[in-house]
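# Geometric and topological summary
Letter by letter, the chains look like this.
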Amino acid sequence: MHIGTTGIWSPELRLHGDSGEIADAAAELDSHGWGALWIPGLGGGDILGDTERLLAATRNTTVATGVLSIWRHPAEEMAAGHARLRKEYGHRVLLGLGVSDAAAARHAAAARHAGGTYRPLAALGTYLDRLDQAPEPVPADERLVAAMGPKLTELAARRSAGTHPFLVTPDFTAGARAILGPGPLLAPYQAVVVDPRPDSARATARGFLAPFIGMGHYARSLLRQGFSEEDLAGGGSDRLIDSVVAWGSVDAVDERVKAHLDAGATHVALHAISADPGLPRTQWRELAPLAR
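Predicted model, so just to flag it, every value in this text is computed and none were measured. (Residues numbered from 1 in each chain as written. Predicted model: local features only at pLDDT ≥ 70, side-chain atom pairs only at ≥ 80, totals over all residues. Heavy atoms only, no water.)

### Details of the overall build of the protein chain
Counting its regular elements, the protein chain contains 14 helices and 11 strands. On C-alpha atoms alone, the protein chain measures out to a radius of gyration of 18 Å, which is about the 19 Å that the 2.2 N^0.38 rule sets for 292 residues. Along the three orthogonal principal directions, the C-alpha set of the protein chain runs to about 50 × 40 × 40 Å. Expressed as a percentage of its 292 residues, the buried residues of the protein chain come to 57%. In the structure as shown, the protein chain presents an accessible area of about 12200 Å², 52% of it carried by carbon and sulfur atoms. Measuring between centres, the 28 positive side-chain charges of the protein chain sit 6 Å from its 33 negative side-chain charges. (Helix = DSSP H or I, 4+ residues; strand = E, 2+ residues; numbered from the N terminus. Rg over C-alpha atoms; globule rule 2.2 N^0.38 Å. Buried < 20%, exposed > 50% of the residue type's maximum accessible area, 1.4 Å probe, protein only. Areas by Shrake-Rupley, 256 points an atom, 1.4 Å probe, with all protein chains shown as cover. Lys, Arg positive; Asp, Glu negative; His and termini not counted. Charge placed at Lys NZ, Arg CZ, Asp CG, Glu CD.)

### Here we look at the nonpolar core
Judged by nonpolar contacts, the single largest core of 52 residues is most densely connected at Leu13, Leu97 and Leu124. Grouped together as the second largest cluster of nonpolar side chains are 30 residues, Phe208, Leu232, Leu240 and Ile241 included. (Core = buried A, V, L, I, M, F, W, Y, C linked by side-chain atoms within 4.5 Å.)

### A few points about the packing of helix α3 (residues 47-57) against helix α4 (residues 75-89)
A packed helix pair is summarised by two numbers, namely the angle formed by the two axes and the spacing between the axes. One can describe the packing of α3 onto α4 by two numbers: an axis separation of 11 Å at closest approach and a directional angle of 10°. Judged by the inter-axis angle, α3 sits roughly parallel to α4. Listed contacts from α4 to Ile47, Leu48, Thr51, Glu52, Leu55 and Ala56 of α3 are Glu77, Met78, Gly81, Arg84, Leu85 and Tyr89. In the contact of α3 with α4, the residues fall into 7 nonpolar, 2 polar and 3 charged. (Axes fitted to C-alpha atoms, helices over the stretch in contact; angles between N-to-C directions. Parallel < 35°, antiparallel > 145°, perpendicular 65-115°, else oblique. Contact = heavy atoms within 4.5 Å. Nonpolar A, V, L, I, M, F, W, Y, C, P; charged D, E, K, R; others polar.)

### Here's the deal with the pairing of strand β5 (residues 93-98)
Look at any regular strand and the pattern is simple: side chains alternate between the two faces of the sheet. Of all the 6 residues making up β5, 6 are buried; the element is thus mostly covered by neighbouring parts of the structure. Residues Val93, Leu95 and Leu97 of β5 are buried on one face, and the alternating residues Leu94, Gly96 and Gly98, pointing to the opposite face, are buried as well. Bridge count for strand β4 (residues 68-69) against β5 is 2 bridges, and the pairing is parallel. Paired with Leu68 across the bridge in β5 is Leu97. Remark: the β4/α4/β5 crossover connection has right-handed handedness. Here β5 pairs with strand β6 (residues 143-145) via 3 bridges, running parallel. The residue of β6 that forms the bridge with Leu97 is Val145. (Pairing = 2+ DSSP bridges. Right-handed = clockwise from strand over helix to strand, strands pointing away.)

### Structural notes on helix α10 (residues 216-224)
Taken together, the buried positions of α10 are occupied by His217, Tyr218, Ala219, Ser221 and Leu222. Where α10 terminates, the next one or two residues include Gly226, which has phi positive at roughly 105°.

### A few points about unusual backbone geometry
With an omega of 5°, the peptide bond between Gly66 and Val67 qualifies as cis. Considering the arrangement of structural elements, one finds Val67 in the loop between β3 (62-65) and β4. With a phi angle near 55°, Leu42 is a residue other than glycine that sits in the positive phi range. With respect to the helices and strands, Leu42 occurs in the loop between β2 (36-39) and α3.

### Side note on the packing of helix α7 (residues 150-159) against helix α8 (residues 170-180)
Closest axis-to-axis distance for the α7/α8 pair is 9 Å, and the angle between their directions is 50°. Taken together, α7 and α8 sit at an angle that is classed as oblique. α7 and α8 meet at a crossing whose hand is right-handed. Contacts from Pro150, Thr153, Glu154 and Ala157 in α7 reach Ala176, Ile179 and Leu180 in α8. (Left-handed = near helix turned anticlockwise from the far one by under 90°.)

Nothing here speaks to function; it is all geometry.
Right under this line is the structure:
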C-alpha cells in the first residue's frame, strides 16, 4: 500500500458536526495530494463509518485509523468491515491498532463482565491472530500498530505493515527504524502549529497536548525519550513542546518532516493544531505544499 511521504491527521474529520463540510474538506485534501488521511480512535464510536465517509469523498488518498483501540472494537467486526470497504473502495484502508492503557482495558473488561491482567503485547498478538483467522482476514500490509516501546515495535515489524508512534521526536524515529529494519512502514504523528510567534504557538500546542502528556503511557514514553518529570509538568516545558511540536512557518514544519524522514520515517502524519474551533482548513491550505 502506497501512502506517500506525508499525510493529514485530524480528529476534526471525525468530530466536526457537519458531514457535508467534512466531505468537502476531505475532497480538497485529496486534491492537494496528501498520501493519507488519518483519523484517531477517540475512545470508540463508528470508526468504520467515519472511514467510509472519507473514502466516499476522495479518490486517491488512503484513509488510516490512527489508531483504534483493540479493547473497544472486536477484531471480527473490524475484519468484516475492512473487507467490505476494500471491496467498495479498493486498497485504500489502513487499519491502525493500539493497546491504549490499563484503564481502557479495565473499562472494556468491566463492560464484558470479565477480568484479567493488562498484558498489551499478548493482547495485541491475540487480536492480530483473530484478524488472521477471520473469514476475510485483514492482510498484514493493510494494518499497523501504534508502538511506543521496543517489544511492540518488534511485533509490528513481524505482523503488520509497520508502526504509527504518537508524540515522538526524530531521535525516537531513528531508534524505531533500527528495531523495525529497512522494510516496514514507519509513520510518526507530528503535531503542527502554523504560527511564527513562540508564545502563542506554544500556548496553542499545550492546549491540545496537555491532557496526553498527563496520561501514564504517553508520559512514560516521553521519559524514555529523555525528557524529565519537570518537562512534563504544567502542560509541557518549552523544551518538550519544541521537540514534539513543529511550530512556525511552513518551511519550519518542512524541516521537521525532513528530520523524521532522514531518521528513517517513510511517512509523516501532520496534525494541524489550531486555537480556533472547527476544521483547520486555513492551516491545511498553508501546509498543502508539503503534500507528497
